[in-house]
Amino acid sequence: MDYSNYQKTFLSAILSGDRNSGSAIIAELSDRGWSVEDIYEKIIRDSLYKVGDLWESGQISVSSEHLASAIVESILNEQYSRIISQIKINKTVVAASVENEIHQIGLKMVADIFEMSGFNVHYLGANNPLEDLINFIDTVKPNILAVSVSINYHIKSLELLIEEIRKKYPDLIIIAGGQGLKDQYREFTIKYPNVMYLQDLYALEDFLGKTQIS
Ligand code: B12
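Quick caveat, the model's predicted, so the values are computed rather than measured.

What counts and how
- Residues numbered from 1 in each chain as written.
- Predicted model: local features only at pLDDT ≥ 70, side-chain atom pairs only at ≥ 80, totals over all residues.
- Axes fitted to C-alpha atoms, helices over the stretch in contact; angles between N-to-C directions.
- Helix = DSSP H or I, 4+ residues; strand = E, 2+ residues; numbered from the N terminus.
- Parallel < 35°, antiparallel > 145°, perpendicular 65-115°, else oblique.
- Left-handed = near helix turned anticlockwise from the far one by under 90°.
- Contact = placed C-beta atoms within 7 Å.
- Nonpolar A, V, L, I, M, F, W, Y, C, P; charged D, E, K, R; others polar.
- Near = placed C-beta within 6 Å.
- Domains from an automatic or database assignment.
- Pairing = 2+ DSSP bridges.

### What to know about the packing of helix H6 (residues 105-116) against helix H10 (residues 201-210)
Axis angle and axis distance: for two packed helices, these are the angle between their axes and the distance between the axes, and together they describe the pair. Contact pair H6 / H10: the axes reach a minimum separation of 10 Å and the direction vectors enclose 30°. Relative to H10, the element H6 is oriented roughly parallel. Judged by the sense of rotation from one axis to the other, the crossing of H6 with H10 is right-handed. Side by side, H6 and H10 meet where Met109, Val110 and Ile113 of the first sit next to Leu201, Leu204 and Glu205 of the second. Tallied by class, the residues present in the contact of H6 with H10 amount to five nonpolar, no polar and one charged.

Dropping the structure here:
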């Protein structure tokens with residue numbers, strides 16, 4: 001099977017609620033030596049983007065969308081033994097979606113890339129109230145804060161987050177990503193030059209390979 005057949009088979013598995021087949025496809029690709037990044041981007045992310053298109057055009061119900069995303073989350077959790085790194089680099093990342101943002105799957109993938117790179121990862125998932133997030137940062141003192149925004153109108157929450165965190169932690173590396181930023185990221189990075197927008201897992205890997213994190 002080529003890439004697009006794997007992707008289509010995976011999509012039909014998650015839409016029909018067939019968790020075992022979805023999981024088996026990912027296990028097969030893993031056994032064939034596909035990288036975690038390729039599996040996440042080319043099979044799982046692309047399938048979820050198609051789920052979004054099908055939902056937007058009324059071809060599938062909200063229930064099917066929920067089912068597909070729940071299966072994907074369980075499959076991502078299954079990858080733990082593959083992504084856990086034996087070598088720790090003594091650096092910490094906090095990964096959080098902004099306040100009111102209930103999408104968290106892209107962020108989970110991001111957290112997994114950090115885990116593979118040896119970070120201590122605190123994956124907080126969706127909808128993090130700003131005050132609680134700041135308290136959490138006070139406690140774990142991360143080297144990097146990774147934030148995700150899927151919905152355009154949540155950019156305001158991200159701006160507030162950056163402004164508040166900058167007051168307390170002027171040097172904390174903040175990386176941001178997600179579809180909510182895709183169109184506006186240039187304006188955004190001009191406005192907040194000390195915040196990095198990274199488009200996907202390949203860009204993140206590149207960033208981690210090139211950046212000296214203190
Ligand atoms: C699954 C899903 C849901 C699930 C979320 C479940 C969950 N646990 O996350 C549920 C059903 C809850 C949901 C709800 C809604 N959703 Co929705 N959802 C989706 C769907 C189908 C898949 C999302 C996903 O996981 N994609 C796969 C991941 C891997 O992709 P990703 O998030 O883009 O992440 C990648 C990159 O962006 C990047 N990245 C992401 N974050 C970060 C962070 C950092 C630091 C870095 C470096 C990189 C990075 O790395 C990832 C890998 O490449 C999308 C369709 C789509 N195009 O994605 C719609 C979509 C995102 N949803 C949409 C909408 C409108 C909604 C709702 C408002 C719908 C509604 N009317 O109720 C609500 C949201 C309410 C809210 N308050 O947030 C729209 C958003 C449009 C927009 N941009 O504004 C989309 C695009 C659907 C569409 N075609 O219209 N949704």
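### Structural notes on the site of the ligand
Within the structure, the ligand sits among 37 residues, and Gly52, Ile105, Gly106, Ser148 and Gly177 are positioned closest to it. Within the residue set of the shell around the ligand, elements represented by two or more residues are helix H3 (36-56), helix H4 (62-78), H6, strand S3 (144-148), strand S4 (173-177) and H10. For the shell around the ligand, the leading source of residues is H3, giving seven residues. Looking at which domains feed residues into the shell around the ligand, each of domain 1 (3-83) and domain 2 (92-210) gives three or more.

### Observations concerning the domain arrangement of the chain
Taken domain by domain, the chain consists of domain 1 (3-83) and domain 2 (92-210). Inter-centroid distance (C-alpha atoms) of domain 1 to domain 2 is 24 Å. Contact with domain 1, which involves 11 residues of that partner, is made by 10 residues of domain 2. When residues of the side of domain 1 that touches domain 2 are traced back to their parent elements, those giving at least two are H3 and H4. The dominant element in the side of domain 1 that touches domain 2, judged by the number of residues it contributes, is H3, at five residues. By residue class, the composition of the side of domain 1 that touches domain 2 is six nonpolar, two polar and three charged.

### A closer look at the sheet that holds strand S5 (residues 195-197)
Within the open sheet, the five strands sit side by side as S2-S1-S3-S4-S5. Their pairing is parallel. Each end of this open sheet is capped by a strand with a single partner; those strands are strand S2 (120-125) and S5. In this sheet, adjacent strand axes meet at a mean angle of 20° when their direction is disregarded. Across the sheet, helix H7 (residues 130-140) touches strand S1 (92-97), S2 and S3, and the angle it forms with S1 is around 170°.

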